[in-house]
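# Analysis of the macromolecular model
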Amino acid sequence: MSGGALTSDWVPTFAAVPRSTFLPDLMWPFDMSEGKSVAVSQSDDLVSWQGYADADVPIVTQWDDGEHSGNEPGKVSTSSASMPSVVFRMLGDLDVQPGNRVLEIGTGTGWNAALLAHRLRTENVVTVEVDEAVAARARTALERFGLPVQVVHGDGFKGYPEGAPYDRIIATCGLRSIPFAWVQQTRPGGLVVAPWGTHYSNSDAVARLVVGDGGESASGTFTGPVEFMKLRAQRLPPLVHAEYVTGSVADGEESATTIREAEFLGDQFGPQRFAIGLRVRDCWQVVADKRDGARPVWFYGLSDRSWACAMFRDGDTARVWQLGPRRLWDEAEAAYRWWEGKGKPGHERFGLTVTAEGQTAWLDDPADTWSV
């Protein structure tokens, strides 16, 4: 169930705190064979429900910020139980020690908070959840299980200063900007562990940041790829293609590229998209479905209405169209060539530094940074 991420120090807690205890009757696990979320009800099909609860798969527990009803999946998943392998990989990154105080951002089902409370004692864990209904369900589940963690209904972006300072802060939602408030609320030498990425794609990585001696910054490397639901305060509104491409794609300036689709996109959790997103600011990439051997990849400017489209075709040179103040494909291609020229580094060679002035990324050397 834990995908090999479970270390010996977490085994007793894993055995004592089952994920199934914190899951709702109706849930939507991701079925790997079908490649989609499916509805499963404990009251209707206990065997299937328990099988998914015990499996190393993500499980959606809320759609559309609670506005969804019925059994069919909604439009946007907005609360979930993460894959156990991801949970334990991030808990390993957190490196909790006896007596540590931990702030969790994103309570969800409450299972992660329960794991921490079992290991560290209930009074040493505080968890913050932005959705009032989700917070209430988690609070009830934690109390029923006998680990009444303090569940705060509020905006996790602000942290929870009333309980500071903390030795560890962990986020279970995707970040685009790590708030300096978290650094301020963590003791010097403490850790902030959070899924982080850019608006370019959903290809995030787990940042493991150490707070400096003076508490004026936090810096560290990424430990590996991950994909999480976004912190609600940092979610972008739905993108409207017609607001960018008002006529035909042929209106754009046409060119070509020798980069192949597989090289540019890589695997789902490969480092390419993450690295390109670090270099191409204020850009949203959308990878369309492949049809008849052709796949369009779109790029939309977030600071203006610039757009680009690269049409990759099997066995042929890709054609490119771009229009607007920015040449977004040119920027993306330059970023890919930069990544290629650096030896195609993986996530672990990149790092992030957070200060009161903002955040910067770096490759190998924290002294050589650029804004993100």
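See the structure printed just above.
Throughout what follows, the structure given in this document is the object of discussion.

### A short note on the environment of Leu-265
Mapping Leu-265 onto the fold places it in helix H7 (residues 261–265). Looking at Leu-265, the relative accessible area reads 5%, which means it is buried. For the pair Leu-265 and Val-287, spaced 22 residues apart in sequence, the C-alpha separation works out to 8.8 Å. Those residues in contact with Leu-265 that lie beyond four places of it in its chain are Gln-272, Arg-273, Gln-285, Val-287, Arg-295 and Val-297.

### Examining the packing of helix H8 (residues 272–279) against helix H9 (residues 328–341)
The interhelical angle for the contact between H8 and H9, taken along N-to-C directions, is 120°, at an axis separation of 9 Å. Of the two possible hands of crossing, H8 and H9 adopt the one that is right-handed. For the pair formed by H8 and H9, the contact residues are Gln-272, Ala-275, Ile-276 and Arg-279 on the first element and Ala-332, Ala-335, Tyr-336, Trp-338 and Trp-339 on the second. Tallied by class, residues from the contact of H8 with H9 come to seven nonpolar, one polar and one charged.

### Looking at the nonpolar core
Core analysis: the biggest nonpolar cluster contains 56 residues, and Trp-196, Phe-264, Phe-299 and Trp-329 have the highest contact counts within it. Listed in part, the 31 residues of the second largest apolar core include Ala-114, Ala-117, Val-125 and Phe-228.

### Here's the deal with the sheet that holds strand S14 (residues 283–287)
Spatially, S13-S17-S16-S15-S14 is the arrangement adopted by the five strands of the open sheet, whose pairing is antiparallel. Because the sheet does not close on itself, it has two edges, and the strands there are strand S13 (253–257) and S14. For this sheet, the mean inter-axis angle between neighbouring strands, taken without regard to orientation, is 20°. With five bridges joining them, strand S16 (residues 307–313) and strand S17 (residues 318–323) adopt antiparallel strand pairing.

### Details of the packing of aromatic side chains
In total, this model carries 22 aromatic pairs according to the counting rule given. Measuring from centroid to centroid gives 5.1 Å for Phe-222 and Phe-274, while their planes differ by 80°, and the two rings are edge-to-face. Placement of Phe-222 in strand S12 (residues 217–226) and of Phe-274 in helix H8 is noted, with a sequence separation of 52 residues between them. Using a relative accessible area of 1% as the deciding quantity, one classes Phe-222 as buried. When the centroid spacing of 6.3 Å and the interplanar angle of 70° are considered together, the rings of Phe-312 and Trp-329 count as edge-to-face. Placement of the pair is Phe-312 in strand S16 and Trp-329 in helix H9, with a sequence separation of 17 residues. With relative accessibility at 1%, the residue Phe-312 sits in the buried group. In textbook terms, an aromatic cluster arises when at least three aromatic residues are bridged by ring pairs, as seen for Tyr-200, Phe-264, Phe-299, Phe-312, Trp-329, Tyr-336 and Trp-339. The lysine or arginine in question, Arg-119, covers the ring of Trp-10, its NZ or CZ lying 4.6 Å from the ring centre.

### Structural notes on helix H3 (residues 84–94)
In an α-helix, one turn spans 3.6 residues, which is why side chains three or four residues apart end up on the same side. With nine of its eleven residues buried, H3 lies for the most part within the structure. What H3 keeps buried is the set Pro-84, Ser-85, Val-86, Val-87, Phe-88, Met-90, Leu-91, Asp-93 and Leu-94.

### Comments concerning unusual backbone geometry
The residue after Ala-164, namely Pro-165, is reached through a cis peptide bond having omega 5°. Topologically, Pro-165 is positioned in the loop between strand S8 (150–153) and strand S9 (166–171). Even without glycine at this site, Asp-64 takes up a positive phi of about 55°. Along the chain, the position of Asp-64 falls in the loop between strand S4 (59–63) and strand S5 (77–81). With phi around 50°, Asp-282 is a residue other than glycine that occupies positive phi space. With respect to the helices, strands and loops of the structure, Asp-282 is situated in the loop between H8 and S14. For Asp-282, a relative accessible area of 40% puts it in the partly exposed group.

### Considering the packing of H3 against helix H4 (residues 111–120)
Geometrically, a packed helix pair is captured by the angle between its two axes and the distance between the axes. Viewed as axis vectors pointing N to C, H3 and H4 meet at an angle of 45°, and their least axial separation amounts to 11 Å. What the angle tells us is that H3 and H4 run oblique. The hand of the H3/H4 crossing is right-handed. Contact residues: Pro-84, Val-87, Phe-88, Leu-91 and Leu-94 in H3; Trp-111, Asn-112, Leu-115 and Leu-116 in H4. Along the lines of polarity and charge, the residues of the contact of H3 with H4 split into eight nonpolar, one polar and no charged.

Thresholds applied
Residues numbered from 1 in each chain as written. Predicted model: local features only at pLDDT ≥ 70, side-chain atom pairs only at ≥ 80, totals over all residues. Heavy atoms only, no water. Helix = DSSP H or I, 4+ residues; strand = E, 2+ residues; numbered from the N terminus. Buried < 20%, exposed > 50% of the residue type's maximum accessible area, 1.4 Å probe, protein only. Contact = heavy atoms within 4.5 Å. Axes fitted to C-alpha atoms, helices over the stretch in contact; angles between N-to-C directions. Left-handed = near helix turned anticlockwise from the far one by under 90°. Nonpolar A, V, L, I, M, F, W, Y, C, P; charged D, E, K, R; others polar. Core = buried A, V, L, I, M, F, W, Y, C linked by side-chain atoms within 4.5 Å. Pairing = 2+ DSSP bridges. Phe/Tyr/Trp six-rings, centres within 6.5 Å; stacked < 30°, edge-to-face > 60°. Lys NZ or Arg CZ within 6 Å of the ring centre and 35° of its normal. Parallel < 35°, antiparallel > 145°, perpendicular 65-115°, else oblique.

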